[in-house]
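Each chain, written out:
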Amino acid sequence: MTMLLASHFTSLTSKMLSVSTSDHASVVSLNLFVALLCACIVIGHLLEEHRWINESITALLIGLATGVVILLISRGKNSHLLVFSEDLFFIYLLPPIIFNAGFQVKKKQFFRNFVTIMAFGAIGTIISCTVISLGAIHFFKKLDIATFDLGDILAIGAIFAATDSVCTLQVLNQDETPLLYSLVFGEGVVNDATSVVLFNAIQSFDLTHLNHEAAFHFLGNFLYLFILSTVLGVATGLISAYVIKKLYFGRHSTDREVALMMLMAYLSYMLAELFALSGILTVFFCGIVMSHYTWHNVTESSRVTTKHTFATLSFLAETFIFLYVGMDALDIEKWRFVSDSPGTSVAVSSILMGLVMLGRAAFVFPLSFLSNLSKKNQSEKIDIKQQVVIWWAGLMRGAVSMALAYNKFTRSGHTELRGNAIMITSTITVCLFSTMVFGMLTKPLIRHLMPHQSTTTSMLSDDNTPKSMHMPLLDGEQQDSFVEFSGSHHDVPRPDSLRGFLMRPARTVHHYWRQFDDAFMRPVFGGRGFVPFVPGSPIDRSTHDLSKP
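Within each chain, residue numbers correspond to sequence positions counted from 1 in written order. Given that this is a predicted model, residues contribute local features only at a pLDDT of at least 70 and side-chain atom pairs are listed and counted only at 80 or more, while totals for whole chains, interfaces and linings are drawn from all residues. Only hydrogens and water are removed before side-chain values are computed, so all heavy atoms of the structure are retained for them.

- Per an unreviewed UniProt entry, the chain goes by Sodium/hydrogen exchanger and derives from Brassica napus.
- UniProt positions are given in the numbering used here, feature names are shortened, and annotations may be inferred rather than shown by experiment. According to UniProt, the comment filed for the chain under the heading Subcellular location (unreviewed entry) is "Membrane".
- Recorded in UniProt for the chain, the comment headed Sequence similarities (unreviewed entry) runs: "Belongs to the monovalent cation:proton antiporter 1 (CPA1) transporter (TC 2.A.36) family."

See the structure below:
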């Protein structure tokens, strides 16, 4: 009996020690990762004025250096502190990045180019996916790699059609290049949503029975996901605006306002995932609606808090992603499978990089030409220099491509098949090369092609965003509205034909939307000029008084 108790105690003690050791290793890893995040912030601040380096590249370089150190310490057994998880990326890291992009975006520029953005983001992604898939079918047959079926090839097309909107946001600046920022960023968000929807559709679609009926069913399901995702995001944003406007949370606690805004923003993404919709598209439009209505309904202190909270969460998520991508690039487990044929891995990476460039060119220049046909004003057209910058800036691939590749070619971050390992290492190589090379050269390219671009940004600035904390009597957008409503209908000529409407879509659509917004939406959901009175907030009181007729 004593021996039995002793053996049981020994077994229990050993289990507790192993658990304790495992927990201690996790704590050490988390401490090192947090320290690396701090290092990225400090070094990024010191290199802020450098024309070649941005924060994403800084995080990548620090991740690579850390991976080398860990490889040396572990004697070639390991290169990263944490195991990559696509669930971690899609559920926790991507939502704050995309939401903040919609929350901070200059809406006037975005919706002025909405048709072009949707064409680039949706149609362009499908064209790019098609070009990459056809190229992969042609070239992969000549290489000594595993045989991929049609579903694998189409999945590869969707993986590498996803541009890295995270990196693009850090490369371009919406104050220096507003038109380019709205086009590249807007396309990036729609592109990510399209790529994820395409990837999931390919994964669940039966490709053994392809016919016209199946193609129409696929297209209908694609449009269904797009429309429903957008509607869900708008509805969630409007609900948050209505609740905060009616319940006056600021009377008792600004903490509740901030908490409700954050939870409703995240709820929009999780609802989309729950109903198998596109969370990226949903949370993006939720951010736009919240910045237009909800943000104006809270107290001034809550506005400052939410503005900086969303921006900080987005910044930390971006830095986390690029830091991990740098460390994971040296994962010895995946490179061991391709060590016997490095030439094949280099060839696959080079082919994919070439197909990415070709696939992007296949839609940027033709769609820009078609977009210019509908623009009568020369200043609204996309000239050849801007087209080159749009093509170049969208060549970067990053965390979305990596997450989709891990989802397709690994199980729990590991793979034991040579063909899958080649695709993972090729994805890492393309992401690193495109981010480092194209990311470093984008700013110099913009300065070379458009040296006077920043001199016109003040005229295009949109103050109706959370980035603008001042609230004059009439800001830029309100002055535009005042001109529209005070003038006669001759100020906005009614198009007399379909071609006339296409030649002047932005001004007429914007005019009618502002009429509808001021007459129906803002009185119900709040917003600028319809801010509820909250006692104890002098700024809110002055805003409320100014909004009275």
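## A short note on the nonpolar core
In step 1: Note on terminology: a nonpolar core comprises buried Ala, Val, Leu, Ile, Met, Phe, Trp, Tyr and Cys residues joined through side-chain atoms within 4.5 Å. Think of it in three bands: residues with accessible area under 20% of the maximum for their type are buried, residues over 50% are exposed, and the middle band is partly exposed, with areas taken using a 1.4 Å probe on protein chains only. Phe 89, Phe 140, Phe 160 and Met 423 are the most contacted members of the largest nonpolar core, which has 122 residues in total.
In step 2: It is helix H8 (residues 178–204) that provides the largest number of residues to this core, a total of 14 residues.
In step 3: Any two residues having at least one pair of non-hydrogen atoms within 4.5 Å are treated as being in contact. Sequence-distant contacts of Phe 140, that is, excluding residues within four places in its chain, are made with Ile 145, Phe 148, Ile 153, Ile 156, Val 348, Leu 352 and Met 423.
In step 4: In this structure, Leu 238, Ala 241, Val 289 and Tyr 293 belong to the second largest nonpolar core, which totals six residues. Strands here are runs of E lasting at least two residues and helices are runs of H or I lasting at least four, both read from the DSSP assignment and numbered beginning at the N terminus.

## What about helix H3 (residues 86–104)?
In step 1: Helices are assigned an expected span. That span is 1.5 Å times one less than the residue count. With 19 residues, H3 should reach 27 Å at 1.5 Å per residue; the first-to-last C-alpha distance of 26 Å fits that figure.
In step 2: Maximum bend of H3: about 45°, positioned at Leu 94, with proline Pro 95 one to four residues after it.
In step 3: Within H3, 15 of the 19 residues are buried, which leaves it mostly tucked inside the rest of the structure. The term bend refers to the angle at a residue between two fitted axes, each drawn through seven residues, those ending there and those starting there.

## Things to note about the environment of Ser 229
In step 1: Positionally, Ser 229 belongs in helix H9 (residues 212–247).
In step 2: With a relative accessible area of 0%, Ser 229 lands in the buried category.
In step 3: Separated by 36 residues in sequence, Ser 229 and Ala 193 place their C-alpha atoms 9.7 Å apart.
In step 4: For Ser 229, the contacting residues outside a window of four places in its chain are Leu 277, Ser 278, Leu 281 and Thr 282.

## Here's the deal with the pattern of salt bridges
In step 1: Salt bridges, as used here, are contacts in which a Lys or Arg side-chain nitrogen is within 4 Å of a carboxyl oxygen on Asp or Glu. This model, assessed by the stated rule, comprises five salt bridges.
In step 2: Between Lys 408 and Asp 152 there is a salt bridge whose closest N-O contact spans 2.9 Å. Placement of Lys 408 in helix H16 (residues 399–409) and of Asp 152 in helix H6 (residues 150–161) is noted, with a sequence separation of 256 residues between them.
In step 3: When its relative accessible area of 22% is taken as the criterion, Lys 408 is described as partly exposed.
In step 4: A salt bridge links Arg 303 to Glu 300; the nearest nitrogen and oxygen atoms lie 3.2 Å apart. Of this pair, Arg 303 and Glu 300 are both found in helix H12 (residues 300–328), three residues apart, which corresponds to roughly one turn of the helix. The pair formed by Arg 303 and Glu 300 is uniform in burial state, with each residue classed as buried.
In step 5: One network of salt bridges, with partners in common, ties together Asp 517, Asp 518 and Arg 522.

## Some words on the packing of aromatic side chains
In step 1: Each Phe, Tyr or Trp ring (for Trp, its six-membered ring) is paired with any other whose centre lies within 6.5 Å, and the angle between the two planes then decides the class: stacked below 30 degrees, edge-to-face above 60, tilted in between. Counted according to the given criterion, the structure contains 14 aromatic pairs.
In step 2: Pairing Trp 391 with Trp 392 gives two aromatic rings, centres 6.2 Å apart and planes at 65°, and the pair type is edge-to-face.
In step 3: Three or more aromatic residues joined by ring pairs form one cluster here, namely Trp 391, Trp 392, Phe 433 and Phe 438.
In step 4: Lying across the ring of Trp 295, Arg 303 places its NZ or CZ 5.9 Å from the centre. Whether a charge sits over a ring comes down to the Lys NZ or Arg CZ being within 6 Å of the ring centre and within 35 degrees of the ring normal.

## Details of the packing of H3 against helix H10 (residues 254–274)
In step 1: Direction vectors running N to C along H3 and H10 enclose 115°, while the axes themselves pass 10 Å from each other. In terms of orientation, H3 and H10 fall into the roughly perpendicular class. Handedness of the H3/H10 crossing: right-handed. Packed against H3, whose contacting residues are Phe 90, Ile 91, Tyr 92, Leu 94, Pro 95, Phe 99 and Phe 103, the element H10 presents Met 261, Ala 265, Tyr 266, Tyr 269 and Met 270 at the interface.
In step 2: Under the convention adopted here, Pro, Cys and the residues Ala, Val, Leu, Ile, Met, Phe, Trp and Tyr are nonpolar, Asp, Glu, Lys and Arg are charged, and Gly plus all remaining residues are polar. In the contact of H3 with H10, the residues fall into twelve nonpolar, no polar and no charged. In this description, a line fitted to the C-alpha atoms serves as the axis of each element, helices being fitted only across the stretch in contact, and the angle between N-to-C directions of two axes falls anywhere from 0 to 180 degrees. When an angle is under 35 degrees it counts as roughly parallel; over 145 it counts as roughly antiparallel; between 65 and 115 it counts as roughly perpendicular; any other value is oblique. For any helix crossing, the convention is left-handed if the near helix is rotated counterclockwise from the far helix by under a right angle, and right-handed if that rotation is clockwise.

## A look at helix H2 (residues 55–73)
What sets the pattern is the α-helix's 3.6 residues per turn: residues three or four places apart point alike.
In step 1: If you check H2, its first and last C-alpha atoms are 27 Å apart, about what 19 residues at 1.5 Å a residue would give, namely 27 Å.
In step 2: Buried within H2 are the following residues: Ser 56, Ile 57, Thr 58, Ala 59, Leu 60, Ile 62, Gly 63, Thr 66, Gly 67, Ile 70 and Leu 71.

## Some points on a nonpolar patch on the surface
In step 1: Patch rule: a residue counts if its relative accessible area is over 30% and it has no salt bridge; like charges are joined within 9 Å, and nonpolar side chains (Val, Leu, Ile, Met, Phe, Trp, Tyr) within 5 Å. With residues, only the protein chains shown are counted as cover, and all accessible areas are computed by Shrake-Rupley using a 1.4 Å probe. A cluster of nonpolar side chains, contributed by Phe 216, Leu 219, Leu 223, Tyr 224, Ile 227, Leu 228 and Val 231, occupies part of the molecular surface with about 700 Å² of accessible area.
In step 2: Looking at where Leu 223 falls in the secondary structure, it is placed in helix H9.
In step 3: By relative accessible area, Leu 223 is classed as partly exposed at 45%.

## Describing unusual backbone geometry
In step 1: The backbone of Ala 276 shows a phi angle near 60°, a positive value even though the residue is not glycine.
In step 2: Owing to a relative accessible area of 57%, Ala 276 belongs among the exposed residues under this scheme.

## Details of the side chain of Thr 116
In step 1: As for its position among the elements, Thr 116 is in helix H5 (residues 114–140).
In step 2: Leave out the neighbours within four places in its chain, and Thr 116 touches Leu 183, Ser 371, Lys 375 and Ile 382.

## Details of the confidence of the model for the chain
In step 1: Every residue carries a pLDDT, the predictor's confidence in it, which falls somewhere between 0 and 100. When the pLDDT values of the chain are averaged, the result is 75; 72% of them are 70 or greater.
In step 2: Predicted confidence in the chain is weakest over helix H18 (residues 457–460), with a mean pLDDT of 35, and strongest over H10, with 91.
In step 3: Here residues 12–20 scores under 50 on pLDDT; set against residues more than four positions off or in separate chains, the count is zero contacts.
In step 4: Here residues 468–496 is a poorly scored stretch, pLDDT under 50, and it has 48 contacts once near neighbours within four places are set aside; other chains count.

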